[in-house]
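The lines below spell out each chain.
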Amino acid sequence: MGPGYIDVMPRLYFDANATTPPHPDAVDAVRRAMVEDWANPTSTHREGQRARFRLEEARRELAASLGVAPGELVFCASATEALHLLIRGLHGALGDRPAAVFPGEHSACLNPLRDWSRVSWLPEVPADCATVVQMAASNETGILYPMPSVLDAVRIKDGCQAWGKVPVDLSDCDAAVFSGHKVGGPRGAALLWMRPGLPWEAVMEGPQERRRRGGTEDLPAILGLAAAVRHLTERQAMNAALAPIRDAFETEITSWNRGIEVIGQGQPRLPNTSCVLFRGRNGEALHVALDLAGFAVSTGSACHSGAVKPSHAIMTLGYSSDDARSVLRFSMLPDARPGEVEALAAAIRRLT
Ligand code: PLP
């Protein structure tokens, strides 16, 4: 907590899908890089060359972890930026052929698609479809989605929520994005992967990243991400082990017969996520009450300029806007313990 706050009670964090605390090795790598590797990787002097070497070393390591070639990775500052570069760059190259997108996609995908004159919602795919955009896992419900096989379309995978939680397959897509801060990396580093030969034009000009993304690379953040990704296999195994804890939580809260429903229950889902509908209750009020009780959780709504907007991702599953306002998302960090989740369930019981 920052200045002015006195923490009188322990806090429990159940908002891992929003962001994760950086892994201690990532913190060390960032700190070291800010002291030792602060030079500009584009500079040709010795300091710059050293920074360039470290940058390319991190690229090789991250590419190996994804099973792709280093030259296919573009470092970006966020997945939002990566998706904008990707989708806008495809639009530049593919003209005005239509796009198809998963309706529950993150706004980071939906916003750059506004440039396209024709966009249909998957599973509808127009005849001359140029690109399909599908998240591998929903940030809100945790539901896992397969990539639609559409001939002749560029298949874009938003791998942000799946990465480090479940295996991510890149053989069924042509481009993908990953966000560092969801896997114990720092903010400021994200990955854009593009299969060679994609019909794509750069939209952010500059000599960096082989002219694919202008702007000096944030080397400390990138080295921090590489350090976090060294623990990705272990992180995924820890996340997999959360499934029984999550299931016990869901069994408990639905056993009280208080109109509580788990969205996506029974479907393939991320092991750390429970998206819960508290029918007839104000999700925002419950969110605040849980916060005051020491639990950081997330609502299924986004606050835009003070107005609470119900989540489109929940409504596309057939729920009403009132239901969407009654949803809370609980997303566990990989090291969540059963006792912490039991404490969360007990607090929900007290407050509902
Ligand atoms: N895509 C999905 C599915 C996400 O959950 C997020 C972050 O919440 C993003 C994209 C955007 O990631 P970033 O915070 O790196 O811009």
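For the structure itself, look to the data block above.
It should be emphasised that the depicted structure is a prediction, and the values quoted were computed from it without experimental measurement.

Analysis parameters
- Residue indices follow the written sequence of each chain, beginning from 1 at its first position.
- With the structure being a predicted model, the display of local features is reserved for residues of pLDDT at least 70 and the display and counting of side-chain atom pairs for 80 or more, all residues being used for whole-chain, interface and lining totals.
- Only hydrogens and water are removed before side-chain values are computed, so all heavy atoms of the structure are retained for them.
- Only strands that DSSP links by at least two bridges are regarded as paired with each other.
- In DSSP terms, a helix is any run of H or I states spanning at least four residues, a strand is any run of E spanning at least two, and both are numbered starting from the N terminus.
- Lines fitted to C-alpha atoms define the axes, with helix axes restricted to the stretch in contact, and inter-axis angles between N-to-C directions lie between 0 and 180 degrees.
- Expected span, for any helix, means 1.5 Å times one less than how many residues it has.
- Throughout this description, buried means an accessible area under 20% of the type-specific maximum (1.4 Å probe, protein chains only), exposed means over 50%, and partly exposed covers the range between.
- The arc in question is the one spanned by the directions pointing from the helix axis to the C-beta atoms.
- The contact rule is simple, with two residues in contact once any of their heavy atoms fall within 4.5 Å.
- Geometry of aromatic contacts follows a simple scheme: Phe, Tyr and Trp rings, the Trp one being its six-membered ring, pair when their centres are within 6.5 Å, and the pair is stacked under 30 degrees between planes, edge-to-face over 60, tilted otherwise.
- By definition in this entry, angles of less than 35 degrees are roughly parallel, angles greater than 145 are roughly antiparallel, angles of 65 to 115 are roughly perpendicular, and the rest are oblique.
- Should the near helix be turned anticlockwise from the far one by less than a right angle, the crossing is termed left-handed; should it be turned clockwise, right-handed.
- When residues are grouped by polarity, Ala, Val, Leu, Ile, Met, Phe, Trp, Tyr, Cys and Pro land in nonpolar, Asp, Glu, Lys and Arg in charged, and all others, Gly among them, in polar.
- Throughout, the term near means that a residue has one or more heavy atoms lying within 4 Å of the molecule or strand in question.
- Under this definition, polar contacts are N or O atom pairs within 3.5 Å; protein pairs additionally need one hydrogen-donor-capable and one acceptor-capable atom, and for neighbouring residues in sequence, both atoms have to be side-chain atoms.
- His is not counted, nor are the chain ends; Lys and Arg add positive charge and Asp and Glu add negative charge.
- Note on definitions: salt bridges are taken to be side-chain nitrogens of Lys or Arg within 4 Å of carboxyl oxygens of Asp or Glu.

Participant: Give me the sheet that holds strand β8 (residues 190–194): which residues, what numbers.
Facilitator: Within the open sheet, the seven strands sit side by side as β2-β8-β7-β6-β5-β3-β4. Their pairing is mixed. The two strands at the open ends of the sheet, each matched to only one other strand, are β2 (73–76) and β4 (119–121). Between one strand axis and the next, the sheet turns through 20° on average, direction left out of account. As paired strands, strand β7 (residues 175–179) and β8 are joined by five bridges and run antiparallel to one another. The residue bridging Ser179 from the neighbouring strand is Ala190, located in β8.

Participant: So, helix α1 (residues 24–36): which residues are in play, and what are the values?
Facilitator: In an α-helix, one turn spans 3.6 residues; hence positions three or four apart end up facing the same way. Taking 1.5 Å as the rise per residue, α1 with 13 residues should run 18 Å; its terminal C-alpha atoms sit 18 Å apart, in good agreement. Of all the residues in α1, the buried ones are Ala26, Ala29, Val30 and Ala33. Burial along α1 is one-sided: seen end-on, the buried residues are contained in an arc of 100°. Across from the buried face of α1, at angles greater than 90 degrees, the exposed residues are Pro24, Arg31 and Val35. For α1, the secondary structure elements touched by its buried residues are α6 (219–229).

Participant: Describe the pairing of β2, naming the residues involved and giving the relevant values.
Facilitator: Burial of the side chains of β2 extends over both faces: Leu73 and Phe75 are buried on one face and Val74 and Cys76 on the other. Note: β2 against β8, four bridges, orientation antiparallel. Bridged to Phe75 within β8 is Leu191.

Participant: Talk me through the packing of aromatic side chains; I want residue IDs and the actual numbers.
Facilitator: The way to describe two aromatic rings as a pair is by their centre distance and the angle between their planes. Counting across every chain of the model gives five aromatic pairs. Ring centres of Phe14 and Phe295 lie 6.5 Å apart, and the angle between their planes is 25°; this geometry places the pair in the stacked category. Within this pair, whereas Phe14 is found in the loop between β1 (12–13) and α1, its partner Phe295 is found in strand β11 (residues 295–296), the two being separated by 281 residues in sequence. Residue Phe14 is classed as buried on the basis of its relative accessible area of 3%. On the numbers, 5.4 Å between centres and 75° between planes, the contact of Phe249 with Phe330 is edge-to-face. Here Phe249 is found in helix α8 (residues 243–254), whereas its partner Phe330 is found in strand β15 (residues 327–331), with 81 residues between them in sequence. By the burial criterion, Phe249 is buried, and Phe330 matches it.

Participant: Describe the packing of α8 against helix α12 (residues 338–351), naming the residues involved and giving the relevant values.
Facilitator: Where α8 meets α12, the axes come as close as 10 Å, and the angle between the chain directions of the two elements is 20°. It follows that α8 is roughly parallel to α12 by the angle criterion. Relative to α12, α8 is oriented so that their crossing is right-handed. Here Ile245, Phe249, Glu252 and Ile253 of α8 lie close against α12, whose contacting residues are Pro338, Val341, Leu344, Ala345, Ile348 and Arg349. Of the residues in the contact of α8 with α12, the class split is eight nonpolar, no polar and two charged.

Participant: Lay out the sheet that holds strand β10 (residues 273–278) in plain terms, naming residues and giving numbers.
Facilitator: The strand order across the open sheet formed by four strands is β9-β10-β15-β12, and the pairing between neighbours is antiparallel. A single partner strand is all that each edge strand has here, and the edge strands are β9 (260–263) and β12 (298–299). The pairing of β12 with β15 spans two bridges and is classified as antiparallel. Along β15, the bridge assignment pairs Ser298 with Arg329. Lying on the sheet, α8 is in contact with β9, β10 and β15; it crosses β10 at an angle near 10°.

Participant: Quick rundown of the pairing of β8? Include the residues and the values.
Facilitator: In terms of burial, β8 is largely enclosed, as five of its five residues are buried. Neither face of β8 is open: one carries Ala190, Leu192 and Met194, the other Leu191 and Trp193, and all of them are buried.

Participant: Before we move on, could you go through the site of the ligand and cite the residues and values that matter?
Facilitator: What surrounds the ligand is the set Ser78, Ala79, Thr80, His106, Met135, Asn139, Asp158, Cys160, Gln161, Ser179, His181 and Lys182. Within the side chain of Asp158, an N or O atom sits 2.7 Å from a nitrogen atom of the ligand. Between Gln161 and the ligand, the recorded distance is 2.8 Å, taken from a side-chain N or O atom to an oxygen atom. The residue makeup of the shell around the ligand, split by class, is three nonpolar, seven polar and two charged.

Participant: Summarise the side chain of Glu72; cite the residues concerned and give the values.
Facilitator: With respect to the secondary-structure elements, Glu72 resides in the loop between α2 (46–66) and β2. No salt bridge forms around the buried Glu72; measuring N to O, its nearest opposite-charge neighbour Arg195 is 6.3 Å away. A polar atom in the side chain of Glu72 sits 2.8 Å from the side chain of Trp193. Ignoring any residue separated from it by four or fewer positions in sequence, one finds Glu72 in contact with Leu192, Trp193, Met194, Pro196 and Arg212.

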